[in-house]
Amino acid sequence: MLERLKNRYTVIFAIIIIMTVSIIIRLFSLQIIQGEYYRIQSENRLVRSMPVKAPRGEILDRYGRPLITNRQGFSVMFHKEYIKNELLNPLVLRMTQVMDMHEEQYIDTLPITKEYPFDFYFPDLSDDALASKISAFKSEFKIEEEADANRTIDILKEKYKIEDGYTNNELRRIIGVRYEMENRLFTATTPYTFATDVGISCVTYIKEQGADFQGISIAVEPIREYPGGMLAAHILGRVGVMYKEEYEQLKGKNYNMDDKVGKDGIEKILEEHLRGKDGTSSVEQNIDGKMSRILESQPPVPGNYAVLTIDAKLQQTLEASLERVIKELQGKGESRDANSGSAVVLDVNSGEVLAMASYPTFDPSKFNELWASMSKDPSRPMWNRAISGQYAPGSTFKPLTAVTALETGAITPTETILCNGVYKYYASSGYSPVCWIYTSSGHGHGSQNVTQALENSCNVFFYES
């Protein structure tokens, strides 16, 4: 009996030994031999679907010459799920410093000036309109009406839980980005686009210092390209990130808060046609949020092309001529204050716009970079004078006068009118308008028929007819 019991213990002990050795061997295999493989698999356990931005449709002139195209560019993005709350503000400041170091622009639309002492800043607004906008801004953030910009910064500092120790200008930087994040609905599922079209040197720096930028990623996205530079800038318009008000209007049309939309010009008018359909990409990410591999993807669908009636070469000639004429006028006596103007070329058979120029103009590729200075420029380079300005029609009304006079029988094609330089019909009332040639020469055009009057732009002929 005792011997049998002893044999049982021996068997049990042997089984325990065998199991222990097997476990040790297995653990050795998992942790030492195959440890690197399983570590990689563990890090790559996060799978998520990411949007792939669709390129907007290109814009071409009447002959198919490109006016706006696309190229690939780098965007810097924040991912909230990989950033600890207490590290968000220091990371924001660090990223703004990196942008400055590489002379790159980042998105900041907080309506407060960037240098201390602070003030509210809404371009192109003054008096009642400015006061109304400031009041609406304070109301949105539940800030007391009497608070000035410096007090507003202090209130936003508390709102965003920003610790002491930052300079006033550093504080303004952090608040500017946090304000933008809030407007862009930055959450664990919605990344925030911090900067677009970032240069390769800045991208390289961020990637090389990746350990210091956990939660920051670099995305490749389509960027609008302007082959003609400033050519037809007012006609073509520009794209930009959506405002909160725009998102409220467009979210029902499958827009995301970080989408770019047309802000003015053709880009805005044809927004729904130029906009493409975003694709998706299912990717594996490691614990730092870095993509490890693409599992599957649905390619984006580009937007529709737009062909305009504009002739790019004629547009270029018109813009150059308009600028030259204005600069020539600036050197002449009474015209020395001339600093702006517009010109339009129409197809007389169809009414199509072949060219439309407004001076001064701007570079749409540098809009964000130059916006602050342009918004303060008294010559208002962003304003399209050809369609938005209100001016006396001047000599452009003479062809209409001629057509009306001929159709009503007031004049005949061969009838002549004498232009001596001064129109005296209203002289008794003290009003005697003169022909443009009289101002410089002291005489008129002489006898003119309708064809000659149009050719010479004779004021007296059209006053009389």
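Residues numbered from 1 in each chain as written. Predicted model: local features only at pLDDT ≥ 70, side-chain atom pairs only at ≥ 80, totals over all residues. Heavy atoms only, no water.

What about the packing of helix H3 (residues 85-101) against helix H7 (residues 200-208)?
So, point 1. The N-to-C vectors of H3 and H7 enclose an angle of 140°; their axes lie 10 Å apart at closest approach. With respect to H7, the element H3 is oriented oblique. Relative to H7, H3 is oriented so that their crossing is right-handed. Where H3 abuts H7, its residues Arg94, Met95, Val98, Met99 and Met101 lie against Cys202, Tyr205 and Ile206.
So, point 2. When the residues that make up the contact of H3 with H7 are grouped by side-chain class, the tally is seven nonpolar, no polar and one charged. (Axes fitted to C-alpha atoms, helices over the stretch in contact; angles between N-to-C directions. Helix = DSSP H or I, 4+ residues; strand = E, 2+ residues; numbered from the N terminus. Parallel < 35°, antiparallel > 145°, perpendicular 65-115°, else oblique. Left-handed = near helix turned anticlockwise from the far one by under 90°. Contact = heavy atoms within 4.5 Å. Nonpolar A, V, L, I, M, F, W, Y, C, P; charged D, E, K, R; others polar.)

Focus on the environment of glutamine 330
So, point 1. With respect to the helices and strands, glutamine 330 occurs in helix H12 (residues 312-330).
So, point 2. There is a polar contact of 2.7 Å between the side chain of glutamine 330 and the backbone oxygen of alanine 338. (Polar contact = N/O pair within 3.5 Å; in protein donor to acceptor, adjacent residues only side chain to side chain.)

Topic: the pattern of salt bridges
So, point 1. Inspection of the entire model under this criterion finds 24 salt bridges.
So, point 2. Between lysine 53 and aspartate 258 there is a salt bridge whose closest N-O contact spans 3.4 Å. Taken together, the residues span a long stretch of sequence, with lysine 53 in the loop between strand S1 (46-52) and strand S2 (59-60) and aspartate 258 in the loop between helix H9 (244-250) and strand S7 (260-264) at a distance of 205 residues.
So, point 3. When its relative accessible area of 17% is taken as the criterion, lysine 53 is described as buried.
So, point 4. Residues arginine 71 and aspartate 197 are paired through a salt bridge, measuring 2.6 Å at the closest nitrogen-oxygen approach. Residue arginine 71 is located in strand S3 (residues 66-78), and its partner aspartate 197 is located in strand S4 (residues 192-198); the two are separated by 126 residues in the primary sequence.
So, point 5. A residue is classified by how much of its surface remains accessible, and arginine 71, at 30% relative accessible area, is partly exposed. (Salt bridge = Lys/Arg side-chain N within 4 Å of Asp/Glu carboxyl O. Buried < 20%, exposed > 50% of the residue type's maximum accessible area, 1.4 Å probe, protein only.)

Quick notes on unusual backbone geometry
So, point 1. Across the junction of tyrosine 116 and proline 117, the peptide omega takes the value 0°, indicating a cis bond.
So, point 2. Here proline 117 lies in the loop between H3 and helix H4 (127-140).
So, point 3. Going from tyrosine 359 to proline 360, the amide bond is cis rather than trans, its omega being 0°.
So, point 4. Even without a glycine there, the phi angle at leucine 185 is positive, about 55°.
So, point 5. The phi dihedral of aspartate 197 falls on the positive side, at around 55°, and the residue is not glycine.
So, point 6. Accessibility expressed as a relative area gives 31% for aspartate 197, which makes it partly exposed.

Concerning the packing of aromatic side chains
So, point 1. Using the criterion set out here, one finds 17 aromatic pairs in the structure.
So, point 2. Seen in terms of ring centroids, tyrosine 116 and phenylalanine 118 are 5.4 Å apart; in terms of plane orientation they differ by 80°. Their pairing is edge-to-face.
So, point 3. Between the NZ or CZ atom of arginine 238 and the centre of the ring of phenylalanine 367, over which it lies, the distance is 3.7 Å.
So, point 4. In this structure, arginine 275 is placed above the aromatic ring of tyrosine 255, and the distance from its NZ or CZ to the ring centre is 3.7 Å. (Phe/Tyr/Trp six-rings, centres within 6.5 Å; stacked < 30°, edge-to-face > 60°. Lys NZ or Arg CZ within 6 Å of the ring centre and 35° of its normal.)

Structural notes on the confidence of the model for the protein
So, point 1. Per-chain confidence: the protein averages 87 in pLDDT, with 90% of residues scoring 70 or above.
So, point 2. By mean pLDDT, the top-scoring element of the protein is S2 (98), and the lowest-scoring one is helix H2 (residues 35-43) (58). (pLDDT = per-residue confidence, 0-100.)

Comments concerning helix H15 (residues 398-408)
So, point 1. Buried residues of H15: Lys398, Ala402 and Ala405, and no others. Buried residues of H15, seen end-on, are gathered within an arc of 70° and therefore sit on one face of the element. Turned more than 90 degrees away from the buried face of H15 sit Glu407 and Thr408, all of them exposed.
So, point 2. Glycine 409, located one to two residues past H15, shows a positive phi value of around 80°. (Arc of directions from axis to C-beta.)

Here's the deal with empty space enclosed by the protein
So, point 1. In the structure shown here, the tally under the stated rule is three cavities of 30 Å³ or more.
So, point 2. Ala232, Ala233, His234, Ile235, Gln315, Glu319, Met356, Ala357, Ser358, Thr361 and Asn384 are the residues that line the largest cavity.
So, point 3. When contributions to the lining of the largest cavity are tallied by element, the ones reaching two or more residues are helix H8 (233-236), H12 and strand S12 (353-359).
So, point 4. Along the lines of polarity and charge, the residues of the lining of the largest cavity split into five nonpolar, five polar and one charged.
So, point 5. Empty space within the second largest cavity amounts to approximately 40 Å³.
So, point 6. The wall of the second largest cavity is formed by Ile107, Glu180, Arg184, Tyr192, Thr193, Val241, Met257 and Asp258.
So, point 7. Class assignment of the residues belonging to the lining of the second largest cavity gives a composition of four nonpolar, one polar and three charged. (1 Å grid on protein atoms, 1.4 Å probe; cavity = no way out; pocket = protein on both sides within 12 Å on 5 of 7 lines; lining within 4 Å. Points joined across faces, edges and corners; volume = space filled by probe spheres on them.)

Some words on the packing of H3 against helix H6 (residues 168-183)
So, point 1. Here H3 crosses H6 at 105°, and the two axes come no closer than 9 Å. In terms of axis orientation, H3 runs roughly perpendicular to H6. From H3, Leu88, Asn89, Val92, Leu93, Thr96, Gln97 and Asp100 reach across to H6, where they touch Glu170, Arg173, Ile174, Val177, Arg178 and Met181.
So, point 2. Classifying every residue of the contact of H3 with H6 by side-chain character gives six nonpolar, three polar and four charged.

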